[in-house]
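# Secondary and tertiary structure notes
Listed here are the chains, written in short residue letters.
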Amino acid sequence: MRKHCKEGLRLYNSFMKVLKEWGLAEADRQAVEIMPLGLVKLKEISQAARKADSLHIIARRAYAEHISECLVCSRHLVAV
């Protein structure tokens, strides 16, 4: 089990939330390629997917940077 400091846990929870939203947006985007939808709906789904992708990248970077700098969070990354 991962152990996090207070900030690490906050970033981890934020990252996991954004990761789930990104996964759902990506699934919607892939479904749009298969199903014929109107241009308005297509644009709406595409914008949501781009926003989710951007938030995913930001959250992933913040979490990874914190893990690399925090001794409490990083000490459990390598299993013996």
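Above this text sits the structure in question.
So, here's what we can say about the structure.

Parameters at a glance
Residues numbered from 1 in each chain as written. Predicted model: local features only at pLDDT ≥ 70, side-chain atom pairs only at ≥ 80, totals over all residues. Heavy atoms only, no water. Core = buried A, V, L, I, M, F, W, Y, C linked by side-chain atoms within 4.5 Å. Buried < 20%, exposed > 50% of the residue type's maximum accessible area, 1.4 Å probe, protein only. Helix = DSSP H or I, 4+ residues; strand = E, 2+ residues; numbered from the N terminus. Contact = heavy atoms within 4.5 Å. Expected span 1.5 Å × (residues − 1). Phe/Tyr/Trp six-rings, centres within 6.5 Å; stacked < 30°, edge-to-face > 60°. Axes fitted to C-alpha atoms, helices over the stretch in contact; angles between N-to-C directions. Parallel < 35°, antiparallel > 145°, perpendicular 65-115°, else oblique. Left-handed = near helix turned anticlockwise from the far one by under 90°. Nonpolar A, V, L, I, M, F, W, Y, C, P; charged D, E, K, R; others polar.

## A few points about the nonpolar core
Ranked by size, the top nonpolar core spans nine residues in total: Cys 5, Leu 11, Phe 15, Val 18, Ala 59, Tyr 63, Ile 67, Cys 70 and Cys 73. Mapped by element, the contributors of at least two residues to this core are α1 (6-34) and α2 (39-69). Excluding residues that lie within four positions of it along the chain, Phe 15 makes contacts with His 56, Ala 59, Arg 60 and Tyr 63.

## Structural notes on α1
Taking 1.5 Å per residue as the helical rise, α1 with its 29 residues ought to reach 42 Å, and the 43 Å between its terminal C-alpha atoms agrees with that figure. Among all positions of α1, only Gly 8, Leu 11, Phe 15, Val 18, Ala 25 and Val 32 are buried. Packing partners of the buried residues in α1 comprise α2 and α3 (71-74).

## Details of the packing of aromatic side chains
By the definition in use, this model includes two aromatic pairs. Their ring planes at 50° and their centres at 5.7 Å tell us that Tyr 12 and Tyr 63 sit as a pair that is tilted. Highlighted residues: Tyr 12 in helix α1 and Tyr 63 in helix α2, separated in sequence by 51 residues. Relative accessible area serves as the criterion here: at 26%, Tyr 12 is assigned to the partly exposed category. The class of Tyr 63 is buried, set by a relative accessible area of 10%. Ring geometry for Phe 15 against Tyr 63: centres 5.8 Å apart, planes inclined by 10°, an arrangement best described as stacked. Linking Phe 15 in helix α1 with Tyr 63 in helix α2, this pair joins segments that are 48 residues apart in sequence. In this structure, Phe 15 and Tyr 63 share a single accessibility class: buried.

## Structural notes on the packing of α1 against α2
Across the interface, α1 lies against α2 with an axial gap of 8 Å and an inter-helix angle of 155°. One finds that α1 runs roughly antiparallel with respect to α2. The crossing of α1 and α2 is left-handed. For the contact of α1 with α2, the residue count by class is 17 nonpolar, three polar and six charged.

These figures capture arrangement, not role.
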